Amino acid sequence: MTINETDLAAFGAVLLAKSITNHDVVQIYDWLDGAASPVFTRTEQRFKAITLTILLESGSEAETESRFAALVRALRDCTLVFDGLAKRYDCHFQGKAEPTRLTARAWLVELELLCHRTYLPEVIVTANGVGMKAITSLGVVASPCLVTVTPPADIAEFVIQGFEAEIRLHNLEANKPHVIDGYLFRYLKDGVNDIAHYDAFAWPVLPVGTTSLVFSHATANITIQYFPVFD
């Protein structure tokens, strides 16, 4: 197991057990007066619970206490990766954890974390010199995307269809990357803010299943990046 890419052994710790729930599913229904059945409004997911049982050991009680404090600090805002599981878990710890002292130098700790995102490593899809690209999402939840368009020649207007909203980019310059950053909600031309030339009602999000993206020009080099997200 790693915490922010640091092996748990660096804290003098061993993972004895873990439990992982699903993300809390919230279904919103409204039952109007006189209606025969409720009306579905929306669905959303919230935190999932991850419980870790960890054994901390060292050469002295003072060192064990220090390692316990360092472990809690690392878990305040963290990404967890478990041995044998490909998924990543973005979590945070809040509240208090009281260790059970098996001996002065060996502490048993149970920590409860809240996880807000479960996902696989980033997927990068290329679509170079084509007018259409079909992408099948590997996740079960819609995933924000980062799209980079690098044209070989100046393009007055570049249109991408297939996402939730049509995306129009204006005044693209040759051989410069034009980045539609659906992760951080920004549009960059060659690393500089160019939001004035971004025309869309939404940022790119890859739906569950297969999506066919259509490009108005079949000359540009395009990459689509996303993290497959799970519940």
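Residues numbered from 1 in each chain as written. Predicted model: local features only at pLDDT ≥ 70, side-chain atom pairs only at ≥ 80, totals over all residues. Heavy atoms only, no water.

Draft legend 1. Just the overall build of the chain, in detail. Assigned secondary structure in the chain consists of 1 helix and 23 strands. For 231 residues, the compact-globule formula gives about 17 Å, and the C-alpha radius of gyration of the chain, at 23 Å, lies well above that figure. Burial statistics for the chain: of 231 residues in total, 38% are counted as buried. If you take every contact in the chain between residues at least 6 apart in sequence, the share linking residues at least 24 apart comes to 69%. Within the structure as shown, the chain displays about 12400 Å² of accessible surface, and the carbon and sulfur contribution to it stands at 52%. Side chains of the chain give 18 positive and 27 negative charges; the mean places of these two sets differ by 4 Å. (Helix = DSSP H or I, 4+ residues; strand = E, 2+ residues; numbered from the N terminus. Rg over C-alpha atoms; globule rule 2.2 N^0.38 Å. Buried < 20%, exposed > 50% of the residue type's maximum accessible area, 1.4 Å probe, protein only. Contact = heavy atoms within 4.5 Å. Areas by Shrake-Rupley, 256 points an atom, 1.4 Å probe, with all protein chains shown as cover. Lys, Arg positive; Asp, Glu negative; His and termini not counted. Charge placed at Lys NZ, Arg CZ, Asp CG, Glu CD.)

Draft legend 2. Just the sheet that holds strand β21 (residues 210–215), in detail. Taken in spatial order, the 5 strands of this open sheet run β12-β21-β14-β15-β19, and their pairing is antiparallel. Edge strands, defined here as strands with exactly one partner in the open sheet, are β12 (132–136) and β19 (198–199). Bridge analysis of strand β15 (residues 167–172) against β19 gives 2 bridges, and the strand direction is antiparallel. If you follow Arg168 over to β19, its bridge partner there is Asp199. (Pairing = 2+ DSSP bridges.)

Draft legend 3. Expanded view of the confidence of the model for the chain. In the predicted model, the chain carries a mean pLDDT of 94, and 100% of its residues have values of at least 70. Predicted confidence in the chain is weakest over strand β5 (residues 39–45), with a mean pLDDT of 84, and strongest over strand β16 (residues 178–181), with 98. (pLDDT = per-residue confidence, 0-100.)

Draft legend 4. Spotlight on the packing of aromatic side chains. The full count for this structure, using the stated rule, is 9 aromatic pairs. Ring geometry for Tyr29 and Phe40: centres 5.3 Å apart, planes at 65 degrees, overall edge-to-face. With Tyr29 in strand β4 (residues 25–30) and Phe40 in strand β5, the pair connects residues that are 11 residues apart, well separated along the chain. Under the relative-accessibility criterion, Tyr29 is labelled partly exposed at 48%. Their ring planes at 85 degrees and their centres at 5.5 Å tell us that Tyr119 and Phe227 sit as a pair that is edge-to-face. Taken together, the residues span a long stretch of sequence, with Tyr119 in strand β10 (residues 106–119) and Phe227 in the loop between β22 (221–226) and β23 (229–230) at a distance of 108 residues. (Phe/Tyr/Trp six-rings, centres within 6.5 Å; stacked < 30°, edge-to-face > 60°.)

Draft legend 5. Highlighting the pairing of strand β7 (residues 78–81). Relative to β7, strand β1 (residues 2–3) runs antiparallel, the two sharing 2 bridges. Looking across to β7, one finds that Ile3 is bridged to Leu80. Bridge count for β7 against strand β8 (residues 88–93) is 4 bridges, and the pairing is antiparallel. Bridging from a neighbouring strand, Val81 pairs with Arg88 of β8. Counting the residues between successive antiparallel strands, the hairpin from β7 to β8 contains 6 residues, one of them, Gly84, with a positive phi of roughly 85 degrees.

Draft legend 6. Representation of the side chain of His178 within the structure. Mapped onto the secondary structure, His178 falls in strand β16. Here Lys176 takes part through its backbone oxygen, which lies 2.7 Å from a polar atom of the side chain of His178. Beyond its immediate chain neighbours, meaning those up to four positions away, His178 contacts Val147, Thr148, Val149, Pro151, Asn171, Leu172, Glu173, Tyr187, Leu188 and Lys189. (Polar contact = N/O pair within 3.5 Å; in protein donor to acceptor, adjacent residues only side chain to side chain.)

Draft legend 7. Summary view of the environment of Lys87. For Lys87, the position within the fold is in the loop between β7 and β8. Given a relative accessible area of 28%, Lys87 falls into the partly exposed group. Sequence spacing of Lys87 and Phe47 is 40 residues, and the spatial spacing of their C-alpha atoms is 16 Å. Setting aside residues up to four positions removed in sequence, Lys87 forms contacts with Leu80, Val81, Thr118, Tyr119, Leu120 and Phe230.

Draft legend 8. View of the nonpolar core. Formed by 26 residues in total, the largest nonpolar core has its most connected members in Ile3, Leu71, Leu75, Leu80 and Leu111. Broken down by secondary-structure element, the contributors of at least two residues to this core are β6 (48–57), α1 (61–75), β7, β8 and β10. Beyond its immediate stretch of four places on either side in the chain, Leu75 contacts Ile3, Leu80, His92, Phe93, Leu111 and Leu113. (Core = buried A, V, L, I, M, F, W, Y, C linked by side-chain atoms within 4.5 Å.)

Draft legend 9. Highlighting the pattern of salt bridges. Inspection of every chain in the model, using the stated rule, returns 10 salt bridges. Across the pair Glu63 and Arg67 runs a salt bridge, and its minimum N-O distance is 2.9 Å. A residue pair is termed a helical-turn pair when its members lie 3 or 4 positions apart in one helix, as Glu63 and Arg67 do in helix α1 at 4 residues. On the basis of relative accessibility, which here comes to 32%, the residue Glu63 falls in the partly exposed class. The structure contains a network of salt bridges with shared partners spanning Glu173, Lys176, Lys189 and Asp194. (Salt bridge = Lys/Arg side-chain N within 4 Å of Asp/Glu carboxyl O.)

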